[in-house]
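What the coordinates show
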Amino acid sequence: MIATIPRDDVLKQIGYKTPPEEKLLHLLDEMLELGREYLDPLMRFEEIDGSRDLPLFLHGAALSYVALASIGPGLEGRVKEFFDSGRATEGYLLDTVGSVAVMHVGNALWAKMMEDAALRGFIKGLRRAPGCEGVPMEVQKWIVEKFHDPHPGIHVTPSCMLVPRKSFAFLGRFGGNLKSAFSCKGCPQFSGCTLRSENV
């Protein structure tokens, strides 16, 4: 599913615009190698049937999905070990590797969802995650519950955060008209958003 985690993606996530010193690159490569050992990806999506209690983002869609992606709990446990032992640099780098990895898992899941929609005649779609413009964080709980699984591999805390922490929930919609309230252009995270693509 994730053959490699690109070093450049991790550097971009950290904020580097120019190559850092060789020592840091070497340490990052070590964390990339370590991170791959701890990946246990989970990818699930389901079509939403019916129109009751839908989040506003899905109103009017001809085809709707919920999705859950995660890299599992192993990596964040190793990150904690680094921080607890005073190795903050390694902990920070490995944590960032995990953030990039779950983004790639989410993108792979979106690609699978689009393939499923294409079989039904829908070519272009939109996805949004809780926390995006017009999609409140409370929708995390709604998404997890829609899998009707007591052990989906991901659960939601009372504050609507996902556990394992390196997890990602989102909604997908195809067809129909989308209200302007969900326009990405007003979002403060517009420039660095990983949910936008040529297909949105």
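Cut-offs applied
Residues numbered from 1 in each chain as written. Predicted model: local features only at pLDDT ≥ 70, side-chain atom pairs only at ≥ 80, totals over all residues. Heavy atoms only, no water. Phe/Tyr/Trp six-rings, centres within 6.5 Å; stacked < 30°, edge-to-face > 60°. Helix = DSSP H or I, 4+ residues; strand = E, 2+ residues; numbered from the N terminus. Buried < 20%, exposed > 50% of the residue type's maximum accessible area, 1.4 Å probe, protein only. Axes fitted to C-alpha atoms, helices over the stretch in contact; angles between N-to-C directions. Parallel < 35°, antiparallel > 145°, perpendicular 65-115°, else oblique. Left-handed = near helix turned anticlockwise from the far one by under 90°. Contact = heavy atoms within 4.5 Å.

Side note on the packing of aromatic side chains
The tally for this structure, following the rule as stated, stands at five aromatic pairs. On the numbers, 5.9 Å between centres and 85 degrees between planes, the contact of Y65 with F174 is edge-to-face. With Y65 in strand β2 (residues 63-70) and F174 in strand β6 (residues 167-174), the pair connects residues that are 109 residues apart, well separated along the chain. Taking 5.7 Å as the distance between ring centres and 20 degrees as the angle between the ring planes, the aromatic pair formed by W110 and F174 counts as stacked. In this pair, W110 is assigned in helix α4 (residues 88-119) and F174 in strand β6, connecting sequence segments 64 residues apart. W110 sits in the buried class, given a relative accessible area of 4%.

Thoughts on the packing of helix α1 (residues 7-14) against helix α2 (residues 22-38)
Closest axis-to-axis distance for the α1/α2 pair is 11 Å, and the angle between their directions is 115 degrees. On the basis of their axis angle, the class for α1 and α2 is roughly perpendicular. Pair α1 / α2 crosses with right-handed handedness. Between α1 and α2, the contacting residues are R7, V10 and L11 on the first element and L25, L28, D29 and L32 on the second.

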